[in-house]
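Single-letter residue listing:
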Amino acid sequence: MEKLRIHRSRSVEWKPSAVVALATSADGSRVAAAREDGSLEIWLVSPGSIGWHCQLTMQGDPSSRVSSLLWCRPSPRNAGLGRLLSSSIDGSIYEWDLYSLNKKVVLDSVGVSIWQMALEPSDDSMHTDKTNNEPVSNGHSNHHVQSDSESSFSDNEGNSDSDGEFHAMTTLTASQRLAVACDDGCIRMYHVFDKDELTYNRSFPRVSGRILSLAWSHDARLIFSGSSDGLIRCWSVASFQENYRITVGLGGLGSGHELCIWSLIFLRCGTLVSGDSSGSVQFWDSQHGTLLQAHTYHKGDAKALTASQDDVFSAGSDGQVVLYKLSKLTGEQMVKWIYVGYVRAHTHDVTALAMAKPIRREDLFHDKKTRKIRRQEKPINFSYHKWARSGVPMLISGGDDAKLFAYSAKEFTQFSPHDMCPAPQRPLLKLASTTINCGVPVMLFQSSDYLDVLDVKIDGKLVVTQLLARVKSKGSRKIICSAISGSGMLFAYSNQVKPFLFELKKPKAQKTKWMIEKIQLPNKLPYAHSLLLSADSSCLMLAGHDRKIYIVDIKKSEIVQTFVPQRKLDRMNVVANEPPITQMFTSVDGQWLAAINSFGDIYIFDLEIKRQHWFVSRLNDASVTAGGFPPKNSNTFVVTTASNEIFELDLKAKNLGEWSKHHSAHLPRAFQEFPGEIIGLSFLPFSSSTSAIVYSARAMCLINFAIPADQDMEFQNGSDQPLVNHDCKNSNGAMQKRKFQDHESRTNGNDFDLFVFKDPTLFVSHFSENSILIVEKQWKEVVRNFEAPVHRHIFGT
Amino acid sequence: MITGGQRFVASPPAFSQDGKKLLVCTGCTVSIYSVSTGMQITELEGGHTDRVTSVVVVPVGAPSSKFMSYCWTSSLDGTICYWDFASAELIKKVKIQFPVHSMVIPSLSTIGSTEEGSNLYAFLSVEDINKPASEKKALHGQVRIYNLKNQKPVGGLLTETRNPEILYASKNGEFLGISNKRKLHIWRIPANNFRFDEIKKIKLHHTKKLTCLAFHSTLRMVAGGDDTGRILIWYNFGREKFAQNLQNLKGTKNPSDEAKPGVRNNDDVDSCTTWHWHPSEVKFLHFSSDGAYLYSGGNEGVIVVWQIDTGKKKFKPRLGSPLLYFTESPDPSLSCVSCSDNHIHLLKMPTMDISKSISGIKPPFSFPLKHEGSCTQVAFEQTTGLVAVSTEDYCVQFYSLFDNHEVSEVQVCKRNFQPADDVMLYVALVAISLDGSLMATIDVTIPEEKLGGLVCLKYWTRGSLVAEYLLSTVIYEPHSDAQVSSLAFRPGHNMAVTSSYGGDFKVWVHGSHAGRNNESMQRTGWRCQSVGSYKGKPLTAAVFSADGSILAIAAETMITLWDPDSNILVAMIGDTLSPITKLSFVGKSEYLVSYTHSLKPQLSVWSTSNLALYWSHGIVTEAVSCSHDESQFAVLALLSSPGDADAKGNGVIFFFHVEDPVPVATWTVTKAKGGSLAFLPANPSLHESSATNGVNQLLLVFMNGKHEYTIFNPHKEENIISKNSRKSQAAQDEAERLGYTSIYGDLSNSNAKHNHFQEVPFAPSERPWETIFSGSSHALPPLTKLCTSFFESLLEKRLENSNEMIIDADL
């Protein structure tokens, strides 16, 4: 085998949508991000790793735009993450069920837009004695995240009885009060219970202007509201009356035109911080409503605020994130908030900020045994690894450029921010390499509400894609999942109503046109979280939202088999209560079906004996990002996890494979620091090779499962791995990672040869034996689709 | 002998304690200027023999000592002097042995008066002269402590740096700092009578080269500026290291656990803020005395005022030159900023309006590389003793050589000057007629991408005031697109000649001379009378004879003589080895001096009577000046060949008699590269002695490449015999002048003031009567009210004047 030929395609459409809201879960480990198209993503740092990865994506309704997100505290009876609520512009509040992956209305529309929600803070004295028996929080939750304009006060659970009434312990924990800022100038108060809908409590008196921001005081006695007429009002929760109001405009400014208070937070020290449309971030004494300090560093609106200990972060429509710090100067008695610096990572407006504290259960890779090889230059900025550790608070920002960035909250100005998602809202692609279409590969492109079938022709170095067919989802509902058969003849998708199956046909009469024919599916089929067509295109495998797996014979159009994924194999016919299956893989010989649920548990089904064969619980507690069966060896299943580990499972032996037994524990360090989250795995088709390409949006790497990836590996000449550049192989044999200076002149070499992409890559697949297809798109071109940023400062103008 | 043209902005100036005087380091002396008039009051001379590097004014301790006016000065000659600057007396001199580059005396502010204070420690940034200069990496700079009381050094070195750095002290004298490459070193100095080992030090790190720093007046806050224009502010520096006692520290929580946003290398500070406005190096930082503002300035000539709490900025733009220092006076409404064009602007404080400017001679600027050959920056106006200097900001500055101050400035090109931009336009040539009534300038616009290049000849006539010139004629592209090589006026006539490298010369006449048929044309100024060329050769120099009868033009190696009226080639003289750079007639004699600049330098004297070379020397000539009456001339020669990259540029002035190839006198000078020479008639009012001697009234001016000048009498024997170096001459002759100025120097200044007030009875700086009556008549207060305030304002001013007069009389 000579060098791998790389074919690139840049023609795909890719329109990621802006991040509109962020919320941190109560334990600070997870961040929910709502996008403009109504979808929701859950980001977390998987244990053992430090990179953020997108655990879940839920499609929503693009018509009801999310205005704020809020993560309730988990109640003791219902441990877990707590309820995730989102308010929308149309005035309703939804709950996102992360367990069943659906969205339900918990508050019907109040008639006016809801701009923000704020959850009543918990009482300090109560939560301290509760942290001990709470399993999720890691013992450091008593001081980390204070609050966030978009999220709740994410301290621990427990309620306060601040308005003087006595509550029994049970009622305390049963409900949390939620204040909702409405467009009509009214703050409405609701009770949030563990389940079911919100119950209305009371409304505050209606005032002029729109209420845009809300903050509770820490003792839950006061609520501060910021409105569109440039006023901050302080309300007493007990009496539902206004205590005082603050005119925000500096020196009488802002009285003429409308000054919007976009964001309010209340700090533990009793200081209220406001961010407004003039770009000022102002610090107020919450007792008297007097101005302590004002900073105007944003050149656009100050949209979001968040705080961590003595640090306050503000983000604005100029793309800056600014840090302010509380400082006690020795010369003065007074404390001051000083401006420290800014970081501008986003090219567009920053709309949301959140503080998170990733939890890492064990420090797996803290052995410093592997020495670093110094190189001329680093292929990718690895500075993220210098500061990102477990328990280190991170600041997450999301903006109109669809990106999410993570910053070190403690060493904010020292390190450059980490791009959490180099390829946000990556469109899903599948390649069918052998097709009816004269052997020309066919690619299936899943966008949010349509499916494209493209044929892929190679014209020299160029890759020419041609649209063969486009299927739009009915009623422009969001497509959840799709599948294409190995022959490229059949393809299927499912939206939130039901699955659909199509056949691509070339009628004899017309030589050029392609026809799509809908194939009837059994009526009973529910909508699916995952779809799969078997290798011989005979049956459709469907993981329904009812948590069952259906095998459908396409010819007969009937359900052949129904599986219920189970943790314990001995029990028969139990109810389906496992988490929904989000990914499925099948072996080429059709014997095995691997189904992976949203948390990373793997269920293996034997299709021949029609039984569940094996259950593998989360590998190192990390969710699965990609998987696949090698084409020649169907008895092994390879998965990559969110902590950037690779496991080879021997299905027959129900154990880790040989390769995995030896190497999974000590993969080369270069691989652990793989840039970006692994999003895919590609095997060489029809070859005896056992090597695979593992790729993220930023890099790819070749792994050969036949060769032991020992740290001091001797290269065997007998293997099918060719040696191009034998002389420049690392003579010390410590680690097999090399940077490719030039994209085109890449050497095909060892295991864990890292190949860094210039542009965000969406899809990598083997084309033929020695060529691969890379589908990528320059970020510059993606950015062109966005609306121009509100503020863009050009030096010298 | 008079020296002048020193750089006023080589070191930061200092205000006197009452804020009425400004002490400016001017070369080896310290000049004291009145803040209200901007004129020099007196000069502290005789203490230092090299450049004065810093002035520290002793603050006023008790009210009784309000009229005390003492200062310490340090100099590169390795001495520190203690002066009473009210009477310009040297009180004490302390020898340090090392050249002192910067001095601060932090304890002055705490002790108050020095006399009763126990010990007075000066912190000096000195240059270690024991290390050879060739060692580039050697640490040449040292920070030492010196006890000024007993004149002994204290302890060892505080630090060593690559080069001597400027020292900065906080206002209360507690902290001392220098910037050393990418670090700030900060020392905390115990109150008084400290031991050397009690001084503690911290370092603050940055990633760029730090250029300046400033301490906050009350808070523990230090600001540093770097060469990329960033300003860093460190808060609460040295909280651990400078803690008063360890007990205190234990009570507080361990600060190392806290986050230190923006802080590098775990420095001993709480946090660090970065501001970025300046596009290039920050030259100065200064916290206002109330601590609410930070002033910063740099190359772009804008003072930025930062409000520290909010980070908001205000700007004082259009100062027209890179800024160097900012000094606040004890009077909060006054401060001054030093610009690199040798100007010190006095600013009225909250508004930052320029109330007065102390303007020195503007420094030379570098021409664009390929235009260097044909440019002269200096022309002398011989009747009034002025020098006209073309400046970087497209002006011609007229500077009085005898009075050492700026007389006026003529803007040649109507274009705003941006200090940071590339040179696109420059004044290439300046010529002034013998009687000073006419001026001609050539300004050149450099073509951009071969477009828009323009040569412009402008004729100016003198206005009513001295050195006030009004534009009379503009001639675009006098020699089409060829560069003009020389420009000369015909003595006694309204005629001028320009020669060009394009091969032609043009004789220009003023309209009144030639306007025969059209009367209106007469007043419209200058026109071309005749054009000539010689074999198409580039014409490199042109000059008229002293009586104006002959025009000599150098056509590369040939000298051609023309009749300027009829434009007839009269004669040709000889052949030099290389093109002639400059021509000059020697007085009224028949001889002509020329020199060439190329690889074979030559100074030649030609006889026009027998059209032959008279004598010549193979010396590198930089400038030639001929007296107008005598047959004598002076030559400024470089000691190095033109190709030689000798940076020192030492030179010799030869004083020749035209008959004799052996010089009558020689003087060695420094910085001769780019220098110029001129004969000036002695101003009788200033130099009565030389006038009464009656031997020769001509004085010779030597202006060196830095626009510092010396005026001396070339005929005085003792000058020639005793002193061969300019420096030692300075010492002697300065002493002479000291004696003079001590009696008359001040008087001449106050005379000027008196005259001023007599001529225009109410001409003080502020003119309230101008504003009192302005405004629309219906809005004006009644006349009775206005009159009283008007007269009051006059009375006040008079009172001030009389006070000043009394003080002057006391002196």
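Every chain's residues receive numbers from 1 upward, in the order its sequence appears when written. To read the labels, note that chains go from A and ligands from 1, taken in the order they are written. Note on the predicted model: pLDDT of at least 70 is required for a residue's local features to be given, and 80 or more for side-chain atom pairs to be given and counted; whole-chain, interface and lining totals, by contrast, use all residues. Side-chain measures were taken over the full set of non-hydrogen atoms in the model, leaving aside hydrogen atoms and water.

Remarks on the side chain of Lys362(B)
All names here are of chain B.
Next up, step 1: Only runs of H or I of at least four residues qualify as helices and only runs of E of at least two qualify as strands under DSSP, and these elements are numbered from the N terminus. By the element assignment, Lys362 lies in the loop between β29 (353-359) and β30 (378-381).
Next up, step 2: Working definition: with a 1.4 Å probe on protein chains only, accessible area under 20% of the residue-type maximum means buried, over 50% means exposed, and in between means partly exposed. For Lys362, a relative accessible area of 3% puts it in the buried group.
Next up, step 3: Any N or O atom pair separated by 3.5 Å or less is treated as a polar contact, with the protein-specific requirement of one donor-capable and one acceptor-capable atom, and with residues adjacent in sequence counted only for side-chain atom pairs. In terms of polar contacts, Lys362 uses its side chain to reach the side chain of Glu409, at 2.5 Å.

A few points about the pattern of salt bridges
Residue and element names in this part refer to chain A.
Next up, step 1: We define a salt bridge as a side-chain nitrogen of Lys or Arg found within 4 Å of a carboxyl oxygen belonging to Asp or Glu. Scanning the model with the defined rule gives 25 salt bridges over all chains in all.
Next up, step 2: Asp37 is the salt-bridge partner of Lys478, the closest N and O atoms lying 3.3 Å from each other. Within this pair, whereas Lys478 is found in the loop between β34 (462-472) and β35 (481-484), its partner Asp37 is found in the loop between β3 (30-35) and β4 (40-45), the two being separated by 441 residues in sequence. Note on accessibility: Lys478 and Asp37 belong to one class, buried.
Next up, step 3: With a shortest N-O distance of 2.8 Å, Glu242 and Arg245 are connected by a salt bridge.

Some words on unusual backbone geometry
Next up, step 1: Its identity as a non-glycine residue notwithstanding, Phe240(A) has a phi of 60°, on the positive side.
Next up, step 2: Assignment of secondary structure puts Phe240(A) in the loop between β17 (231-236) and β18 (241-247).
Next up, step 3: According to the relative accessible area criterion, Phe240(A) is buried, its value standing at 9%.
Next up, step 4: Of note, Lys181(B) is a non-glycine position whose phi angle comes to about 50°, a positive value.
Next up, step 5: Locating Lys181(B) in the fold gives a position in the loop between β15 (175-180) and β16 (183-188).

Details of the interface of chain A and chain B
Next up, step 1: Any two residues having at least one pair of non-hydrogen atoms within 4.5 Å are treated as being in contact. Across the contact, 23 residues belong to chain A and 23 residues belong to chain B.
Next up, step 2: Taken together, chain A and chain B are joined by one salt bridge.
Next up, step 3: A salt bridge links Lys336(A) to Asp309(B); its shortest N-O distance comes to 2.8 Å.
Next up, step 4: Here chain A is connected to chain B by seven residue pairs in polar contact (both at pLDDT 80 or more).
Next up, step 5: Among the elements of the structure, β22 (290-296), β25 (320-328) and β26 (335-344) of chain A are those that each provide at least two residues to the side of chain A that touches chain B.
Next up, step 6: Of the residues contributing to the side of chain A that touches chain B, the split by class is nine nonpolar, eight polar and six charged. Each residue receives one of three labels: charged for Asp, Glu, Lys and Arg, nonpolar for Ala, Val, Leu, Ile, Met, Phe, Trp, Tyr, Cys and Pro, and polar for the others, Gly being one of them.

Here's the deal with the sheet that holds strand β25 (residues 313-316) of chain B
Where strands meet in a sheet, backbone hydrogen bonds hold them as pairs that are either parallel or antiparallel.
Residues and elements named next belong to chain B.
Next up, step 1: Strands qualify as paired when DSSP identifies two bridges or more between them. What the four strands build is an open sheet, ordered β22-β23-β24-β25; its pairing is antiparallel. With partners counted over all chains shown, the strands left at the sheet margins are β22 (282-287) and β25, one partner each. Put simply, the sheet's adjacent strands are angled 20° from each other on average, direction ignored.
Next up, step 2: Across four bridges, strand β23 (residues 293-298) lies against strand β24 (residues 303-307) in antiparallel orientation. If you follow Leu294 over to β24, its bridge partner there is Trp306. Lines fitted to C-alpha atoms define the axes here, with helix axes fitted over just the stretch in contact, and angles between the N-to-C directions of these axes take values from 0 to 180 degrees.

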